[in-house]
Amino acid sequence: MNMRAVSYGPATAADAAQMAAVQIAAWRDCYAGFLPAEMLLALDDRRLTAALQGALAKPDAFAVSFAARYDDRILGFCHAGSAMFSEADGSTEIFHLAVDPDVQDQGIGTALFVRTADRLRDLGGRALVVKTWARNKIALSMFSKLGAELRDHETAAPAGRVLPSQQYVWPDIELLFDRLEALVGDGDRTLQGPFNRI
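Treat the numbers as computed from the prediction; the structure is a model and nothing was measured.

Cut-off values and rules
- Residues numbered from 1 in each chain as written.
- Predicted model: local features only at pLDDT ≥ 70, side-chain atom pairs only at ≥ 80, totals over all residues.
- Heavy atoms only, no water.
- Helix = DSSP H or I, 4+ residues; strand = E, 2+ residues; numbered from the N terminus.
- Buried < 20%, exposed > 50% of the residue type's maximum accessible area, 1.4 Å probe, protein only.
- Contact = heavy atoms within 4.5 Å.
- Areas by Shrake-Rupley, 256 points an atom, 1.4 Å probe, with all protein chains shown as cover.
- Phe/Tyr/Trp six-rings, centres within 6.5 Å; stacked < 30°, edge-to-face > 60°.
- Lys NZ or Arg CZ within 6 Å of the ring centre and 35° of its normal.
- Core = buried A, V, L, I, M, F, W, Y, C linked by side-chain atoms within 4.5 Å.
- Axes fitted to C-alpha atoms, helices over the stretch in contact; angles between N-to-C directions.
- Parallel < 35°, antiparallel > 145°, perpendicular 65-115°, else oblique.
- Left-handed = near helix turned anticlockwise from the far one by under 90°.
- Nonpolar A, V, L, I, M, F, W, Y, C, P; charged D, E, K, R; others polar.
- Polar contact = N/O pair within 3.5 Å; in protein donor to acceptor, adjacent residues only side chain to side chain.
- Expected span 1.5 Å × (residues − 1).
- Arc of directions from axis to C-beta.

### Some thoughts on the overall build of the chain
Then, in step 1: When helices and strands are counted, the chain shows 6 helices and 7 strands.
Then, in step 2: The linear arrangement of helices and strands in the chain, starting from the amino end, is β-α-α-α-β-β-β-α-β-α-β-β-α.
Then, in step 3: Among the 198 residues that make up the chain, the fraction classed as buried is 46%.
Then, in step 4: Long-range pairs, those at least 24 residues apart, make up 66% of the contacts in the chain between residues at least 6 apart in sequence.
Then, in step 5: Looking at the chain as shown, the accessible area adds up to about 10300 Å², and 50% of this sits on carbon and sulfur atoms.

Below, the structure is given as structure tokens:
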């Protein structure tokens, strides 16, 4: 796949079904052996499509959604809004960031994340948090490289288990862009490409 042919633009409710399929595939690939098997098997594309349609339609001053597309196929998406458990002005959170396992490790997730964070900053976002399950090594690599503070957390899951999760926090969203600029200036090849032109 020619990565320069991948386009990035707003995600809409019409994209929700493809977005749901991408997220389910990404979860089953990343979290096999970590999340309960019954939880992964129970993921339902229709319910997730409806949930994403609701999220995309929800009024929120910080609502931001981007999708990565190749022709008519959605390869990944990112959805953000006001932070769920913070009342501080300008606190934002990325709720969904998923990339089709077939095209991971090619910069699409980073591209979506950077575009979303940049838009949050334009809207007045001052802080940013992303939460993932602890098994997500791709997230650990990407967010740590971009200067996030890592905070351990625990989240309840089905089957009565409490599983480790992690929060990646930028108390000042400008720290993310300072770090990004430094990495690009140092010639980090993983941060080169069309997504760098935000």
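### With respect to the packing of aromatic side chains
Then, in step 1: One pass over the full model with this rule turns up 7 aromatic pairs.
Then, in step 2: For the pair Trp27 and Tyr31, a centre-to-centre distance of 5.5 Å together with 80 degrees between the ring planes defines the contact as edge-to-face.
Then, in step 3: Centre to centre, the rings of Phe113 and Phe143 are 5.0 Å apart; their planes meet at 55 degrees, and the pair counts as tilted. With a gap of 30 residues between them, Phe113 in helix α4 (residues 108–122) and Phe143 in helix α5 (residues 137–145) connect regions that are remote in the sequence.
Then, in step 4: Ring pairs connect the aromatic residues Trp27, Tyr31, Phe34 and Trp133, which therefore count as one cluster.
Then, in step 5: One residue, Arg121, lies across the ring of Phe177, its end atom 3.8 Å from the ring centre.

### Description of the nonpolar core
For soluble globular proteins, the rule of thumb is that nonpolar side chains tend to be buried together.
Then, in step 1: Counting 34 residues, the largest nonpolar core has Ile108, Phe113, Leu128, Phe143 and Trp170 as its most contacted members.
Then, in step 2: Counting only elements with at least two residues in this core, the list comes to β2 (64–70), β3 (73–82), β4 (91–99), α4, β5 (127–133), α5, β7 (161–170) and α6 (173–185).
Then, in step 3: Counting residues per element, this core draws most heavily on α4, at 7 residues.
Then, in step 4: Other than its neighbours up to four places away in sequence, Ile108 contacts Met3, Tyr8, Ala68, Leu75, Val99 and Val103.

### Focus on unusual backbone geometry
Then, in step 1: Its identity is not glycine, yet Asp71 carries a phi of approximately 60 degrees, on the positive side.
Then, in step 2: Note on placement: Asp71 falls in the loop between β2 and β3.
Then, in step 3: Of note in the backbone geometry, Asp105 takes a positive phi value of approximately 65 degrees without being a glycine.
Then, in step 4: Relative to the helices and strands, Asp105 is located in the loop between β4 and α4.

### A closer look at the packing of α4 against α6
Then, in step 1: Two elements in contact, α4 and α6, have axes separated by 10 Å at closest approach and are oriented at 135 degrees. Of the possible angle classes, the one that applies to α4 and α6 is oblique. Seen from above, α4 lies across α6 with left-handed handedness. Judged by residue contacts, Phe113, Val114, Ala117, Asp118, Leu120 and Arg121 of α4 engage Ile173, Glu174, Leu176, Phe177 and Leu180 from α6.
Then, in step 2: Broken down by class, the residue content of the contact of α4 with α6 amounts to 8 nonpolar, no polar and 3 charged.

### Let's talk about the side chain of His79
Then, in step 1: With respect to the helices, strands and loops of the structure, His79 is situated in strand β3.
Then, in step 2: On the basis of relative accessibility, which here comes to 7%, the residue His79 falls in the buried class.
Then, in step 3: A polar contact is formed between the side chain of His79 and the side chain of Ser65, at a distance of 2.5 Å.
Then, in step 4: Excluding residues within four positions of it along the chain, His79 makes contact with Ala55, Leu56, Val64, Ser65, Glu93, Ile94, Phe95 and His96.

### Some thoughts on helix α3 (residues 45–57)
Then, in step 1: When the terminal C-alpha atoms of α3 are compared, their 18 Å separation across 13 residues agrees well with the 18 Å that a helix rising 1.5 Å per residue should span.
Then, in step 2: Regarding α3, the residues found buried are Leu48, Thr49 and Leu52. For α3, the arc enclosing every buried residue in end-on projection is 105 degrees, short of the 170-degree limit, so these residues lie on one face. In this structure, α3 carries Arg46, Arg47 and Ala57 as exposed residues pointing more than 90 degrees from its buried face.
Then, in step 3: Those residues of α3 that are buried lie in contact with α1 (16–30), β3 and β4.
Then, in step 4: With a side-chain oxygen positioned 2.9 Å from the backbone nitrogen of Arg46, the residue opening α3 is Asp44.

Note that every value here comes from positions in space, so none of it alone points to a role or purpose.
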